[in-house]
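Notes for the structure review
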Amino acid sequence: SELRGIFGALQARIRALLLTLKADRYGGIVVGTRNRSEVVIGHTVKNGDGSADCHTIANFYKQQVRQLGEHLAISEDLTTKNQLVTRRTFQRTEI
């Protein structure tokens, strides 16, 4: 529903704000989790998850990220987590 999309975009913006405040407080940076698959389809929330200081996995497609996670024995819960905001929802809520 449209309300779910709006809530998802708001959630991404609040998360980015809180992470930025915490990084500033401790002299750190915000490392993003955006991957190439999301970049290709335009999946981002303005001033949200895409506003990290650096994107260490941005050159990898989602499948490559999952394979890397498997190779490094990272919990499957983290490597297969789905995004709440879809491209369609983003377009509808950002216009």
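Position numbers for residues start from 1 in each chain and track the written sequence from start to end. Per-residue local features are limited, in this predicted model, to residues with pLDDT of at least 70; the limit for side-chain atom pairs, both in listing and counting, is 80 or more; totals at the level of whole chains, interfaces and linings are taken over all residues. For side-chain calculations, the full set of non-hydrogen atoms in the structure is used, while hydrogens and water are omitted.

Overview of the overall build of the protein
Here is the rule: Each helix is a run of H or I in the DSSP string that is no shorter than four residues. Each strand is a run of E no shorter than two, and both are numbered from the N terminus. The classification of residues rests on relative accessible area computed with a 1.4 Å probe and restricted to protein chains. Under 20% of the type maximum is buried, over 50% is exposed, and intermediate values are partly exposed. The contact rule is simple, with two residues in contact once any of their heavy atoms fall within 4.5 Å. Accessible areas in this description were obtained via Shrake-Rupley with a 1.4 Å probe; residue shielding takes into account the shown protein chains only.
A count of helical and extended segments in the protein gives five helices and two strands. Within the protein, the fraction of its 95 residues that count as buried is 22%. In the protein, 65% of the contacts between residues at least 6 apart in sequence involve partners at least 24 apart. For the protein, the exposed area adds up to about 7200 Å²; of that, 55% sits on carbon and sulfur atoms.

Remarks on the environment of Arg36
Turning to its location among the elements, Arg36 is positioned in helix 2 (residues 36–41). Its relative accessible area of 30% is what places Arg36 among the partly exposed residues. On a C-alpha basis, the gap between Arg36 and Gln63 in space is 9.9 Å, while along the polypeptide they are 27 residues apart. Those residues in contact with Arg36 that sit more than four places away from it in its chain are Ile57, Ala58, Asn59, Phe60 and Tyr61.

As for the confidence of the model for the protein
As a reminder, the rule being used: The quantity known as pLDDT measures the predictor's confidence residue by residue, on a range of 0 to 100.
Across the protein, the average pLDDT comes to 81, with 83% of residues at 70 or higher. Put simply, helix 5 (residues 87–94) is where the protein has its lowest mean pLDDT, 41, and strand 2 (residues 54–55) is where it has its highest, 92. Here residues 84–95 is a poorly scored stretch, pLDDT under 50, and it has 27 contacts once near neighbours within four places are set aside; other chains count.

Let's talk about unusual backbone geometry
Positive phi is not limited to glycine here, since Asn47 has a value of about 60 degrees. Position of Asn47 among the secondary structure elements: in the loop between helix 2 and strand 2. The phi angle at Ala73 is positive, at roughly 60 degrees, despite the residue not being glycine. Tracing the chain through its elements places Ala73 in the loop between helix 3 (62–71) and helix 4 (76–79).

Points about helix 1 (residues 2–26)
Heads up, the rule is: In this scheme, a helix's expected span is set at 1.5 Å multiplied by one less than its residue total.
Compared with the 36 Å implied by 1.5 Å per residue over 25 residues, the 37 Å span of helix 1 between its first and last C-alpha is a close match. Where helix 1 terminates, the next one or two residues include Gly27, which has phi positive at roughly 70 degrees.

Points about the side chain of Asn35
Within the secondary structure layout, Asn35 lies in the loop between strand 1 (31–32) and helix 2. On the accessibility criterion, Asn35 (5% relative accessible area) is buried. Not counting the four nearest positions on each side in its chain, Asn35 is found in contact with Ile57, Ala58, Phe60, Lys62 and Val65.

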